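# Architecture at a glance
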Amino acid sequence: MYVYDQFDHAMVTARNAEFKDQVERRLKGELSEDQFKPLRLMNGLYLQLHAYMLRIAVPYGVLSSRQMRTFAHIARTYDRDFGHFTTRQNIQFNWIKLADTPQILEDLAAVEMHAIQTSGNCIRNTTTDQFAGAAKDEIDDPRPWAELIRQWSTFHPEFTFLPRKFKIAITGATRDRAAIRVHDIGLQLTDKGFDVYVGGGMGRTPHLGHLIKSGLSGEKLLSYLEAALRVYNRYGRRDNIYKARIKILVSALGPQEYARQVEEEWATLDQAQIDAPHAEIARIKSFFPQPAYADKAFDAAALDRTKAADAGFARWVRNNTLAHRRDDHVSVTISLKPTGLPPGDASSAQMDVMADAADRFAYGELRVSHEQNIILPHVAKADLYDLYRLLDQNGLSSANVGKITDMIACPGLDYCSLANARSIPLAQDISQRFADAELTDKIGDLQIKISGCINACGHHHVGHIGILGVDKQGEEFYQILLGGRADEQAALGVITGKGLSAEAVPAALERLIKLYLELRTDETERFIDTVGRLGRDAFAGALHEPA
Amino acid sequence: MKLLTANRLTDGLVLWYAGGPDLSGWTEDAALATRLEDEAAAALLEEWKARETEVVAPYLVPLVDENTLVKREYVREHVRANGPTAGQTAFDTARQHQRGEVF
């Protein structure tokens, strides 16, 4: 993974010293809250419903075991012993004291981490495929390009005060696991260069991104992004926060006209001054080598025997592992969705266990997925059972990846000051309703995504089943969306039926799933495929109790 | 009738005004919050808005009666008063104050 150079160290050290001074001045009353608020937000510190929340950037979701242990240390020392992994591949701590933040940022800097670009109207942490560099279907590794964008965008003076926040996602595989079509800019690496999608996003006004350029050379990536951002920065609306995202500009201009303006702007730029030289790209790529793979003898027959003897292990291998570029390895997803617990949360002890697992079995590397799970990208098949047992002993062996209980859920009104309704208790209820492993396996791949408000941090627009919490005069209601997906066939879900109370949602989903199981052609037809074949209306009636 | 609430500057925790001239008069336990008449509540709000080294973002929570929140404020203020309803810290507040839910 990338290692800070002298410039990275100097920037983070200087920023931390600056923020330490700002915190001291705020505590002494030399800064008002109005003056301090934008400063703390630029350092990832929010004031939420119950306390300060610190959001820490995990650049493109890549973590070392040492960094994960630092998260455990922060959870134990400064928080209430847990952290929440987010849909932006970051981590949030919900119970941080203002006076502790300078020390926390110093602790983070010691492991080359920070909380910069996790708030504000800047270019946020670039997200990518959690299996980058490991997946069998990968065309090119997106991590060096995400790192290049990180270096270009951090403290970019022109793009620090954009009309609104700006999110870039990259995928380098044939399957889109980074949800690129619902990002401000989505980049698809192909064997001919980058396909550039612009104007995607969720929130109040969801849009799918439009393809505005194909085959963009990696060596021209930064100047093209600069042109795209410059057009947005110049013409994006600043008069209405709800219309300030680039998706509104692209929609208003039309994708072709926006693309034309970007090309025009691009032609005026001194591209050589912006684009990274070939040697610099090569230098960054050198930080992302394949690990020194251990040649461990793998006995397929022995693995089959172990699976036959341990049904839990067999299910975990089936659901939580993904084909690796090497036949003797797999990528393992550690589900943070155990039955009845909040999606994405991990205790400090579990963070330490995951770090230990990475050191013992995965060359010291972990990833955070936007589905709020943790990934060990490179695990020798010969180590799978030992890894499983370690995880199982620590409540980390839920074998539900990609299944109905592997839900995305934002923190919702239990923590978030923007939320209208709670997400976590609903996720817990659904998880308990579908706790039966045989049933969830029978249902197959199904993504439920829950947001506690229209800002859509829980990605409800692109859930096969999306759930949006709303407040109706002091009562929580939940709208159900069907048919969304965030993959290479991205589609926005559509609200189906009337809003339901929290108590009614699990039973409604049960009826919906029962109907799906009756209607599907066979067990290979996934829920989203059946909805696509028959239409959402075929399922609307099941959401409500028969009269 | 209203409650005055805010977050403490130093740690961001939810506080409720419970009488007295300084921060020691505030409580983390919503059950102990002073029920204020509207006029007194408005005056206290203005006073505490200016005391930014002690509390952040003070505001008033309307009540129907001494123990009933106005319905449109219900979920948000119920969660603020009782702590997260889910997860590792659910019901910390109730445990800390050795009481059941308020409002």
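Predicted model, so just to flag it, every value in this text is computed and none were measured.

### Re the overall build of chain A
Along chain A, the regular secondary structure elements total 19 helices and 20 strands. A globule of 547 residues ought to have a C-alpha radius of gyration of about 24 Å, and chain A, at 23 Å, matches this closely. Seen through its principal axes, chain A has C-alpha atoms that stretch 60 × 60 × 55 Å. Within chain A, buried positions represent 53% of all 547 residues. Across chain A, every contact between residues at least 6 apart in sequence was considered, and the portion connecting residues at least 24 apart equals 67%.

### Observations concerning the overall build of chain B
Per the secondary structure count, chain B includes three helices and five strands. Traced from its N-terminal end to its C-terminal end, chain B shows the element sequence β-β-β-α-β-β-α-α. Relative to the globule expectation of 13 Å for 103 residues, the C-alpha radius of gyration of chain B, 13 Å, shows essentially globular dimensions. A principal-axis box enclosing the C-alpha atoms of chain B has dimensions of 35 × 30 × 20 Å. Taken across its 103 residues, chain B has 34% of its residues classed as buried. Taking all contacts inside chain B whose residues are at least 6 apart in sequence as the whole, residues at least 24 apart take part in 48%.

### A word on the confidence of the model for chain B
Low pLDDT means the predicted atomic positions in that stretch should not be read closely. For chain B, mean pLDDT is 92; residues scoring 70 or higher make up 100% of the total. Predicted as a complex, the structure gets a pTM of 0.96 and an ipTM equal to 0.95.

### A few points about the interface of chain A and chain B
Taken together, the contact pairs 29 residues of chain A with 25 residues of chain B. At the level of secondary structure, the elements contributing two or more residues to the side of chain A that touches chain B comprise β13 (345–347) and α15 (424–433) of chain A. Of the residues forming the side of chain A that touches chain B, the biggest block, three residues, is contributed by α15(A). Partitioned by chemical class, the residues of the side of chain A that touches chain B number 13 nonpolar, seven polar and nine charged.

### Overview of helix α17 (residues 504–519) of chain A
Counted at 1.5 Å a residue, the expected span for α17(A) with its 16 residues is 22 Å, and the 23 Å between its end C-alpha atoms agrees. At its buried positions, α17(A) is contacted by α15, α16 (437–443), β18 (465–472), β19 (475–482), α18 (527–534) and α19 (537–540) of chain A.

### Structural notes on the domain arrangement of chain A
All names here are of chain A. In terms of domains, chain A is made up of domain 1 (134–285) and domain 2 (408–543). In this structure, domain 1 and domain 2 have C-alpha centres spaced 30 Å apart. Considered class by class, the residues forming the side of domain 1 that touches domain 2 number five nonpolar, one polar and four charged.

### Quick word on the packing of helix α1 (residues 6–28) of chain A against helix α4 (residues 101–109) of chain A
Residue and element names in this part refer to chain A. Where α1 meets α4, the axes come as close as 9 Å, and the angle between the chain directions of the two elements is 170 degrees. The angle between α1 and α4 falls in the class roughly antiparallel. Across the interface between the two elements, Val12, Thr13, Asn16, Phe19, Lys20 and Val23 from α1 touch Thr101, Pro102, Leu105, Glu106 and Ala109 from α4. Of the residues assigned to the contact of α1 with α4, the class counts are six nonpolar, three polar and two charged.

### Considering the environment of A:Arg315
Residues and elements named next belong to chain A. Along the chain, the position of Arg315 falls in helix α12 (residues 311–320). C-beta crowding within 10 Å serves as the criterion here: with 18 such atoms nearby, Arg315 is assigned to the partly exposed category. Setting aside anything within four residues of it in sequence, one finds Arg315 in contact with Ala399, Ala437 and Asp441.

### A few points about the pairing of strand β9 (residues 193–198) of chain A
Residue and element names in this part refer to chain A. Here six bridges tie strand β8 (residues 185–190) to β9, and the two strands are oriented antiparallel to one another. Among the inter-strand pairings, Leu189 is bridged to a residue of β9, identified as Phe194. Here β8 folds back onto β9, and the loop between the two strands holds two residues. Both β9 and strand β10 (residues 210–216) contribute to a ladder of four bridges, which runs antiparallel. Of the residues in β10, the one forming a bridge with Val198 is His210.

### Regarding unusual backbone geometry
Residue and element names in this part refer to chain A. Despite not being glycine, Gln372 shows a phi value in the positive range, around 70 degrees. Tracing the chain through its elements places Gln372 in the loop between β14 (365–368) and β15 (374–380). Given 25 C-beta atoms within 10 Å, Gln372 falls into the buried group. One non-glycine residue, His459, lies in positive phi territory at about 60 degrees. Counting through the fold element by element, His459 comes out in the loop between β17 (448–451) and β18.

### What to know about the pairing of β18(A)
Residues and elements named next belong to chain A. Here β17 pairs with β18 via four bridges, running parallel. Within β18, the residue paired with Ile448 across the bridge is Ile465. The pairing of β18 with β19 spans eight bridges and is antiparallel. Bridge assignment links Asp471 to a residue of β19, and that residue is Glu476. Between β18 and β19, which follow one another and run antiparallel, lie two residues, and Gln473 among them has a positive phi close to 50 degrees.

### Some points on the sheet that holds strand β1 (residues 2–8) of chain B
Residue and element names in this part refer to chain B. Spatially, β3-β2-β1-β4-β5 is the arrangement adopted by the five strands of the open sheet, whose pairing is antiparallel. Each end of this open sheet is capped by a strand with a single partner; those strands are β3 (26–27) and β5 (68–69). On the sheet, helix α1 (residues 38–49) packs against β1, β2 (14–17) and β4 (55–65) and is oriented at approximately 15 degrees with respect to β1.

### Observations regarding the sheet that holds strand β3 (residues 62–64) of chain A
Residues and elements named next belong to chain A. The five strands lie next to each other as β3-β14-β15-β12-β11, forming an open sheet whose pairing is antiparallel. The outermost strands of the open sheet, each flanked by one partner alone, are β3 and β11 (321–323). Between one strand axis and the next, the sheet turns through 30 degrees on average, direction left out of account. Where β11 lies against strand β12 (residues 329–334), three bridges are found, and the strand directions are antiparallel. Bridging from a neighbouring strand, Thr321 pairs with Val332 of β12.

Cut-offs and rules
- Residues numbered from 1 in each chain as written.
- Chains lettered and ligands numbered in written order.
- Predicted model: local features only at pLDDT ≥ 70, side-chain atom pairs only at ≥ 80, totals over all residues.
- Helix = DSSP H or I, 4+ residues; strand = E, 2+ residues; numbered from the N terminus.
- Rg over C-alpha atoms; globule rule 2.2 N^0.38 Å.
- Buried ≥ 20, exposed ≤ 12 C-beta atoms within 10 Å, placed from the backbone.
- Contact = placed C-beta atoms within 7 Å.
- pLDDT = per-residue confidence, 0-100.
- Nonpolar A, V, L, I, M, F, W, Y, C, P; charged D, E, K, R; others polar.
- Expected span 1.5 Å × (residues − 1).
- Domains from an automatic or database assignment.
- Axes fitted to C-alpha atoms, helices over the stretch in contact; angles between N-to-C directions.
- Parallel < 35°, antiparallel > 145°, perpendicular 65-115°, else oblique.
- Pairing = 2+ DSSP bridges.

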